[in-house]
Amino acid sequence: MSGADKHYTIDDKFITLKGNVIDVEVTAVPILFDNKRAIQVIVRDVTERKRAAQQILKERNRAEQYLESAQVMMLFLNEKGIVKMINRKGSEILGYSKQYIIGENWFEKFIPKEDTAKMKEIFASAIKGEIDFVQYYENPVLCRYNKVRIIGWHNNFVKDSSGEIYGVLSSGEDITESIRLKNELQKSNEELTRLSIHMRDIREKERLSLARELHDDLGQALTAIKMDLMFSMSSLREEDELLKKKLNSAMDLTAHSIKTTQQITSELRPSMIDDLGLIPAVEWYTSQFMERSSIKINLDIDVEESAFKNDFKINIYRILQECLTNAARHSKASRVSIKFKKQNNNVILTINDNGIGLESSKLTDPNSFGLIGLKERAYSLNGKISFKGKKNKGTLVEVVFPLNK
Ligand SMILES: Nc1ncnc2c1ncn2[C@@H]1O[C@H](COP(=O)(O)OP(=O)(O)OP(=O)(O)O)[C@@H](O)[C@H]1O
Ligand SMILES: [Mg+2]
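This structure is a prediction, so every number in the text was calculated from the model and none was measured.

Colleague: Help me get a handle on the site of ligand 1, residues and values and all.
Modeller: In the vicinity of ligand 1, 16 residues are found, and the nearest of them are Asn-326, Ser-331, Lys-362, Ser-368 and Gly-370. Elements with a minimum of two residues in the shell around ligand 1: α10 (310–331) and α12 (369–380). With five residues, the single largest contributor to the shell around ligand 1 is α10. In the shell around ligand 1, the residues fall into five nonpolar, eight polar and three charged.

Below, the structure is given as structure tokens:
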């Protein structure tokens, strides 16, 4: 470098004629002027440039502060998967210092061995734009002492001014605990459902044995009494008017008790299901129902008895019973249409009333025990149940369960 090329620059502050203080950059360059050594001084007003630079610095500091105080992990990986930036929360989750983490290959160091290759491949393809970049995903991350934590990531490509991707900025939330709680909650929900189904099964069995007792014991006894009364009646003399009256009344009472016992027995356990099948039991129940209520039922059974698994029958019957009871109690409907249809390997049962419509809030109401029972019975059928209520247009309950094969 020749002497004439040398220059010296200093930052200074000047006061203008108006009395304002400005930032200046003073550059002094030795030159030859008229063949004599001289110094050329250039003064540049850099107030605006300095202010802009300070602003940038301030914003950068603020951004860094945000990153540091963020309650999520912030991570920047370059296009090779090398960690270029991680915030305080990130180093806290991983259990290593920032210095230790920065510069490491993310996939080789912080992804469990079994996932490394797959994750590396996905990352490389995403950077090259070969696959659609996933904005959110969850994956296990290997932390200090080989602890694995599940992180939910939100990702953003970082591009340079020419649009080239040079890295990925991700924010990651440690969701290990919430996943564990969710799983536990689901497990305990499943346990409760199983318990509830079990209790229902026990209740059905108890009803069955109670119905048998009533039928075999009380029923037989009442029939025996009735026969004895008839025998006594036939042995009466003409003049025993009073006794005859008493016996007649006892016979009426006995007949009434027999009927009541039969009714209770069939309420407890519709023996017709076991004796004749589900379809006759449903036909009998709906005709009884129409006699007792002002609702007209249209019953359309397009499946044969053999379509129903034996174990399912009582549950199907109870579902129908509850839906019709609900229709009578709540819907103000004048008609209910019941259909059994086959579709693929399933039976579809629909119960449709033309009433006021089931409000959707009732579906999630924990006190809707009838509706909860319907869901559990559908579950016992390995099936699905859905409810559709439309204001003043009625309610549709649809149960889909597997055919007996
Ligand atoms: N077909 C229907 N039309 C209109 N509303 C209905 C119908 N079925 C049920 N509901 C509404 O949903 C609520 C919950 O029904 P659910 O069967 O669970 O209870 P419930 O019939 O009131 O009592 P139970 O426990 O004796 O069945 C009912 O109180 C009623 O408001
Ligand atoms: Mg009900």
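Colleague: Give a description of α10 that names residues and reports values.
Modeller: Residues spaced three or four apart along an α-helix face the same direction, because each turn holds 3.6 residues. Taking 1.5 Å of rise per residue, the 22 residues of α10 would be expected to cover 32 Å, and the 31 Å separating its terminal C-alpha atoms lies within 8% of that figure. Just past α10, the residue Lys-332 takes up positive phi, approximately 60 degrees.

Colleague: Talk me through helix α6 (residues 176–234); I want residue IDs and the actual numbers.
Modeller: Look at α6: 84 Å from first C-alpha to last across 59 residues, which is about the 87 Å you get at 1.5 Å a residue. A maximum bend of about 30 degrees is found in α6 at Gly-219. With two of 59 residues buried, α6 lies mostly on the surface of the structure.

Colleague: An account of the pairing of strand β4 (residues 73–78) is requested, with residue identities and associated values reported.
Modeller: Note: β4 against strand β8 (residues 165–174), six bridges, orientation antiparallel. Across the sheet, residue Asn-78 finds its bridge partner in β8, namely Gly-167. As defined by bridge partners, β4 adjoins strand β5 (residues 83–86) across three bridges and the pair is classed as antiparallel. Opposite Leu-75, over in β5, you have Ile-86 as the bridge partner. Hairpin connection of β4 to β5: four residues between the antiparallel strands, including Gly-81 at a positive phi of 85 degrees.

Colleague: Before we move on, can you summarise the environment of Lys-388 with the specific residues and values?
Modeller: Along the chain, Lys-388 falls in strand β12 (residues 384–390). Spatially, the C-alpha atoms of Lys-388 and Leu-358 are 7.2 Å apart, while their sequence positions differ by 30 residues.

Colleague: How would you explain the pairing of β12 if you had to name every residue and give the values?
Modeller: Here β12 pairs with strand β13 (residues 394–402) via seven bridges, running antiparallel. From the neighbouring strand, Gly-389 faces β13, where its bridge partner is Thr-395. Connecting the antiparallel pair β12 and β13 is a turn made up of three residues, with Asn-392 showing a positive phi of about 60 degrees.

Colleague: Which residues make up the packing of α10 against α12, and what values do they have?
Modeller: At a minimum axis distance of 10 Å, the contact between α10 and α12 shows a crossing angle of 155 degrees. Between α10 and α12, the angle is such that the two are roughly antiparallel. Judged by the sense of rotation from one axis to the other, the crossing of α10 with α12 is left-handed. Residues Asn-315, Arg-318, Ile-319, Glu-322 and Asn-326 of α10 lie in contact with α12, whose contacting residues are Gly-370, Gly-373, Leu-374, Arg-377 and Ser-380. Of the residues contributing to the contact of α10 with α12, the split by class is two nonpolar, five polar and three charged.

Each value, and the rule that gives it
- Residues numbered from 1 in each chain as written.
- Chains lettered and ligands numbered in written order.
- Predicted model: local features only at pLDDT ≥ 70, side-chain atom pairs only at ≥ 80, totals over all residues.
- Near = placed C-beta within 6 Å.
- Helix = DSSP H or I, 4+ residues; strand = E, 2+ residues; numbered from the N terminus.
- Nonpolar A, V, L, I, M, F, W, Y, C, P; charged D, E, K, R; others polar.
- Expected span 1.5 Å × (residues − 1).
- Bend = angle between axes of the 7 residues up to and from the residue.
- Buried ≥ 20, exposed ≤ 12 C-beta atoms within 10 Å, placed from the backbone.
- Pairing = 2+ DSSP bridges.
- Axes fitted to C-alpha atoms, helices over the stretch in contact; angles between N-to-C directions.
- Parallel < 35°, antiparallel > 145°, perpendicular 65-115°, else oblique.
- Left-handed = near helix turned anticlockwise from the far one by under 90°.
- Contact = placed C-beta atoms within 7 Å.

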